[in-house]
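Per-entry structural report
What follows is each chain in one-letter form.
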Amino acid sequence: DNADMRGYLRRLLATRYEVEALPDGAAALEAIRREPPDLVLSDVMMPRLDGFGLLRALREDEATRAIPVLLLSARAGEEARIEGLEHGADDYLVKPFSAGELLARVGARLELARARRTVEDALRDADRRKDEFLATLAHELRNPLAPMRNALHALRMAGPDAPTAGRLHAMMERQVNHMVRLVDDLLEVS
């Protein structure tokens, strides 16, 4: 009976985890969309929305796509397991199962999800730092260009023999050397 299984799973998992047990797939989907859990444990056979339908709805929604889903089923055999995995389940457990196996699989899936979130956070942070670095670099590379452009314009207006030509050439040389150092630093960093 569905209610007996829900009660058993709630008692078993509540010793280690915060558990919300729902009567059918539609109620589960509604609750998941309202407050996404760390993991979904679903029977394949449920009223109103079966486990495969729930899984499909979760995978189609960007907000719930990455939630690990462990499917339970009385259908044994490799074909049933493959069908569950092909539908997008992260794991598939055949009933009857031992309490130890369920707890181990739930623990492993939660740990994998935590590790994935940690990696994703690190990648987002690295991407943000890269963007900040490139913005700073672009700014630093532009700084010497403005005085050089102005100096070239002044040289063109005044001519190469103007009394200011020496100073303008010296300033341009300093700015070019500064840019060369920036580019060298960039190449060293990369």
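What counts, and at which threshold
Residues numbered from 1 in each chain as written. Predicted model: local features only at pLDDT ≥ 70, side-chain atom pairs only at ≥ 80, totals over all residues. Heavy atoms only, no water. Helix = DSSP H or I, 4+ residues; strand = E, 2+ residues; numbered from the N terminus. Patch = residues over 30% accessible without salt bridge, like charges linked within 9 Å, V, L, I, M, F, W, Y side chains within 5 Å. Areas by Shrake-Rupley, 256 points an atom, 1.4 Å probe, with all protein chains shown as cover. Salt bridge = Lys/Arg side-chain N within 4 Å of Asp/Glu carboxyl O. Core = buried A, V, L, I, M, F, W, Y, C linked by side-chain atoms within 4.5 Å. Buried < 20%, exposed > 50% of the residue type's maximum accessible area, 1.4 Å probe, protein only. Contact = heavy atoms within 4.5 Å.

It is worth spelling out the environment of Gly-53 at this point. Within the secondary structure, Gly-53 sits in helix 3 (residues 51–60). Considering only alpha carbons, one finds Gly-53 and Pro-68, 15 residues apart in sequence, at a separation of 15 Å.

A grouping of Phe-133, Leu-134 and Val-189 is seen on the molecular surface, where their side chains present a nonpolar patch of about 290 Å² in accessible area. Within the secondary structure layout, Leu-134 lies in helix 5 (residues 99–158).

Right, let's get into the nonpolar core. Ranked by internal contacts, the top residues of the largest apolar core, which has 18 residues, are Ile-32, Val-40, Leu-54, Leu-58, Val-69, Leu-71 and Tyr-92. Those elements giving two or more residues to this core turn out to be helix 2 (25–34), helix 3, strand 2 (69–73) and strand 3 (91–94). The leading source of residues in this core is helix 3, at 5 residues. Formed by 12 residues, the second largest nonpolar core is a distinct cluster that contains Leu-13, Leu-39, Leu-103 and Leu-110.

On to the side chain of Ser-42. On the secondary structure map, Ser-42 appears in strand 1 (residues 40–43). Judged by relative accessible area, which is 2%, Ser-42 ranks as buried. Apart from the residues within four sequence positions on either side, Ser-42 is in contact with Gly-51, Leu-54, Leu-70, Leu-71 and Leu-72.

What follows deals with the pattern of salt bridges. Evaluation of the coordinates by the stated rule reveals 17 salt bridges. Asp-91 is paired through a salt bridge with Arg-105; the nearest N and O atoms lie 2.7 Å apart. Placement of Asp-91 in strand 3 and of Arg-105 in helix 5 is noted, with a sequence separation of 14 residues between them. Asp-91 is paired through a salt bridge with Arg-109; the nearest N and O atoms lie 3.9 Å apart. With a gap of 18 residues between them, Asp-91 in strand 3 and Arg-109 in helix 5 connect regions that are remote in the sequence. What makes Arg-109 partly exposed here is its relative accessible area of 23%. Where salt bridges share partners, they join Asp-91, Glu-101, Arg-105 and Arg-109 into one cluster.

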